[in-house]
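Structural features, examined
Residues per chain are reported as follows:
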Amino acid sequence: MSVEILNGATIVGFVEDEEAFNSWVKKCFATLDEDQDGVLSYTEMMKELQCLRVFGIDAEMDPNEVSALYFFLFLQFDRYSNGVLDLEEFKSAMKRIMLVVANGLGISPLQMILEDDSFLMKVVEWESTKLPLR
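Residues numbered from 1 in each chain as written. Predicted model: local features only at pLDDT ≥ 70, side-chain atom pairs only at ≥ 80, totals over all residues. Heavy atoms only, no water.

A short note on the overall build of the protein chain
Each helix and strand counted, the protein chain has 6 helices and 4 strands in total. Listed N to C, the secondary structure of the protein chain is β-α-α-β-α-α-β-α-β-α in terms of helices and strands. The C-alpha atoms of the protein chain give a radius of gyration of 15 Å, which matches the 14 Å a tight globule of 134 residues would have. Considered along the principal axes of its C-alpha atoms, the protein chain spans approximately 50 × 35 × 25 Å. In the protein chain, buried positions account for 36% of the 134 residues. Working note: accessible area of the protein chain is about 8,400 Å², and carbon and sulfur atoms make up 55% of it. Looking at the protein chain, you have 11 positive and 24 negative side-chain charges, and the mean spots of the two groups are 8 Å apart. (Helix = DSSP H or I, 4+ residues; strand = E, 2+ residues; numbered from the N terminus. Rg over C-alpha atoms; globule rule 2.2 N^0.38 Å. Buried < 20%, exposed > 50% of the residue type's maximum accessible area, 1.4 Å probe, protein only. Areas by Shrake-Rupley, 256 points an atom, 1.4 Å probe, with all protein chains shown as cover. Lys, Arg positive; Asp, Glu negative; His and termini not counted. Charge placed at Lys NZ, Arg CZ, Asp CG, Glu CD.)

And the structure:
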């Protein structure tokens, strides 16, 4: 874990950098696809949603309610209604989630504690490559 400073514009920049975002999506998808069948089941995707703490208050909610909310969210991303997400559906889901996170953070810089392998840490690392050298 480390303490970093970021804002919504940083996340939007990363998502709009197709090369960087697509690379992260492919790596994340491959990691989540435990059975390597080329799609993500609800169980596989649930792990990512929990890591992202999409609702932010998971610990305070009834576990059954959290599970139902995550399942509803999963269904929103399952465009083909086949019970799994392919790479494109996953990419679309991650983009939508990250843009919502960016909107929530706003433009003011925030100091945050980030896990080393989190999406937000990836965003901070990406941004550091874009800063001009002095």
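Considering a negative patch on the surface
Negative charge collects at one region of the surface, where Glu115, Asp116, Asp117 and Glu125 lie side by side. Relative to the helices and strands, Glu125 resides in helix α6 (residues 119-130). (Patch = residues over 30% accessible without salt bridge, like charges linked within 9 Å, V, L, I, M, F, W, Y side chains within 5 Å. Salt bridge = Lys/Arg side-chain N within 4 Å of Asp/Glu carboxyl O.)

Points about the packing of aromatic side chains
Scanning the model with the defined rule gives 8 aromatic pairs in all. Consider the rings of Phe21 and Trp24, whose centres lie 6.1 Å apart with planes at 35°: the pair is tilted. Placement of the pair is Phe21 and Trp24 together in helix α2 (residues 18-32), with a separation of 3 residues, close to one helical turn. Note on accessibility: Phe21 and Trp24 belong to one class, buried. (Phe/Tyr/Trp six-rings, centres within 6.5 Å; stacked < 30°, edge-to-face > 60°.)

Digging into the pattern of salt bridges
All told, the structure shown has 1 salt bridge when counted by the stated rule. A salt bridge links Lys130 to Asp17; the shortest N-O distance between them is 3.7 Å. Highlighted residues: Lys130 in helix α6 and Asp17 in the loop between α1 (8-16) and α2, separated in sequence by 113 residues.

Details of the packing of α1 against α2
Orientation of α1 relative to α2, taken along the N-to-C sense of each, is 85°, at an axis distance of 5 Å. In terms of their interaxial angle, α1 and α2 are classed as roughly perpendicular. Contacts between α1 and α2 pair Phe14, Val15 and Glu16 from the former with Glu18, Ala20, Phe21 and Trp24 from the latter. When the residues that make up the contact of α1 with α2 are grouped by side-chain class, the tally is 5 nonpolar, no polar and 2 charged. (Axes fitted to C-alpha atoms, helices over the stretch in contact; angles between N-to-C directions. Parallel < 35°, antiparallel > 145°, perpendicular 65-115°, else oblique. Contact = heavy atoms within 4.5 Å. Nonpolar A, V, L, I, M, F, W, Y, C, P; charged D, E, K, R; others polar.)

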